[in-house]
Each structure stands twice: as C-alpha cells, then as structure tokens.
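A look at the structure
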Amino acid sequence: MKKIAVLLGVVIGAMLPPVTHAATLDAHDCWVRAMPPSLLSSGYFVVSNNGDKPATLTAASSPAFGMTMMHKSENKGGTATMEMVSSVDVPAHGALEFKPKSYHLMMEQPPKALQVGSTIPLQLTFADKSTVDLKCAVKSAATVGN
C-alpha cells in the first residue's frame, strides 16, 4: 500500500504544472514615450524578484505596438552604443530597472498614435513561461525619467 501511495504521488506530481516565478515577480513604474507612429518609442519599468532564484526575462509585448524588443544602451569609452538583447536576468531578492540609457524596450509599429496621459498594457514573459502583466503610462517624448 505504501508503494502505491508513493507511486501515485510521483504520478500526480508529474502531472502538475511546474512551479513558476510569477508569484515572486512584480513589475511596476511602467511608462512609454508617446512618439509619432513613424518613429520608434521606448518603454521603461522595474521588475522586482522576491524569490530565492534569479528569473530570466525573455520577452515583452503589447497590443499597442506591432513589435517590442529589449535593448541595452551603454557608454563604452565615450561612445554610446545600443544593442538588442534576447534575455535579461532579474537577481533573486533583487530588482532590474529598465530606464533611459540602460536596459529599455524599443517599441515600433503602433496601430494608432499613443495619447499622453493614457495607459497601455504590457506583458513580460520569463524563461519559465510565466508572465507578468502591467499597465504603462504614456508620457511625453520629452520625459527624462519616471
């Protein structure tokens, strides 16, 4: 009987979805620059990880844009550079800030112009397939920070 109970526990455990980071992750302070539809926009936010393991952010998407990519800007020897990144780690018990002149989202192909003062949805996807949804404030193109 004990063997059957153990076997049943293993089978049920295998059928359950994997434990994800979603319960330990929080995203906040999201904002997006309002740009003319023909120009690229940028998005910024903070992801906090209260879990014991790092989480890997692999994608961001919004129905307000046809394409959203993660980028990192750096200053290397006096030269500003920007490159697309496929993933970014959020440390355990830490946070990662997407901000101007650092990690940020490049957003393009909006189906319609964004209105300053409105909000748009954004979904963050992590390597374990968990997601975090948030609302982003649309701010003036002249905005420098949060």
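As annotated in an unreviewed UniProt entry, the chain carries the name Copper metallochaperone and is attributed to Candidatus Burkholderia verschuerenii.

This brings us to the overall build of the chain. Check the secondary structure of the chain and you find 1 helix and 10 strands. When its helices and strands are written in sequence order, the chain yields α-β-β-β-β-β-β-β-β-β-β. Long-range pairs, those at least 24 residues apart, make up 66% of the contacts in the chain between residues at least 6 apart in sequence. Carbon and sulfur atoms form 60% of the exposed surface of the chain, whose accessible area is close to 8,700 Å².

Across all of its chains, the model carries 2 salt bridges by this definition. In this structure, Lys72 and Glu74 form a salt bridge, with 3.5 Å as the shortest nitrogen-oxygen distance. For Lys72, a relative accessible area of 23% gives the class partly exposed. The partly exposed category is assigned to Glu74, whose relative accessible area is 28%. Between Glu74 and Lys76 there is a salt bridge, and its shortest N-O distance comes to 3.6 Å. For Lys76, a relative accessible area of 46% gives the class partly exposed.

This paragraph deals with the packing of aromatic side chains. Under the criterion given, the structure shown has 3 aromatic pairs. Put simply, the rings of Phe45, Phe98 and Tyr103 pair up and form one aromatic cluster.

Assignment of secondary structure puts Tyr103 in strand 8 (residues 103-108). When the C-alpha atoms of Tyr103 and Met82 are compared, they prove to be 9.2 Å apart, with 21 residues separating the residues in sequence. Apart from the residues lying within four places of it in its own chain, the contact partners of Tyr103 are His71, Lys72, Val85, Val88, Leu96, Glu97 and Phe98.

Before going further, it helps to spend a moment on the state of the cysteines. Each disulfide consists of a covalent bond between the sulfur atoms of two cysteine residues. Tallied over the entire structure, the rule returns 1 disulfide. Between the sulfur atoms of Cys30 and its disulfide partner Cys136 the distance amounts to 2.0 Å. Taking the torsion about the sulfur-sulfur bond, which here is approximately 70°, the covalent link between Cys30 and Cys136 counts as right-handed. A residue pair is termed long-range when its members are at least 10 positions apart, and Cys30 in strand 1 (residues 25-33) and Cys136 in strand 10 (residues 131-139) qualify at 106 residues. With a relative accessible area of 9%, Cys30 lands in the buried category.

For Asp29, which is not a glycine, the phi torsion comes out positive at approximately 55°. Under the relative-accessibility criterion, Asp29 is labelled partly exposed at 46%. With phi around 75°, Lys129 is a residue other than glycine that occupies positive phi space. Within the secondary structure, Lys129 is located in the loop between strand 9 (119-126) and strand 10. Relative accessible area serves as the criterion here: at 69%, Lys129 is assigned to the exposed category.

Further remarks concern the pairing of strand 7 (residues 94-98). Across the two faces of strand 7 the burial differs, with Gly94, Leu96 and Phe98 buried and Ala95 and Glu97 not buried at all. Note that strand 2 (residues 41-49) and strand 7 share 5 bridges and pair antiparallel. Bridge pairing in strand 7 links Val46 to Glu97.

What counts as what
- Residues numbered from 1 in each chain as written.
- Predicted model: local features only at pLDDT ≥ 70, side-chain atom pairs only at ≥ 80, totals over all residues.
- Heavy atoms only, no water.
- Helix = DSSP H or I, 4+ residues; strand = E, 2+ residues; numbered from the N terminus.
- Contact = heavy atoms within 4.5 Å.
- Areas by Shrake-Rupley, 256 points an atom, 1.4 Å probe, with all protein chains shown as cover.
- Salt bridge = Lys/Arg side-chain N within 4 Å of Asp/Glu carboxyl O.
- Buried < 20%, exposed > 50% of the residue type's maximum accessible area, 1.4 Å probe, protein only.
- Phe/Tyr/Trp six-rings, centres within 6.5 Å; stacked < 30°, edge-to-face > 60°.
- Disulfide = S-S within 2.5 Å.
- Pairing = 2+ DSSP bridges.

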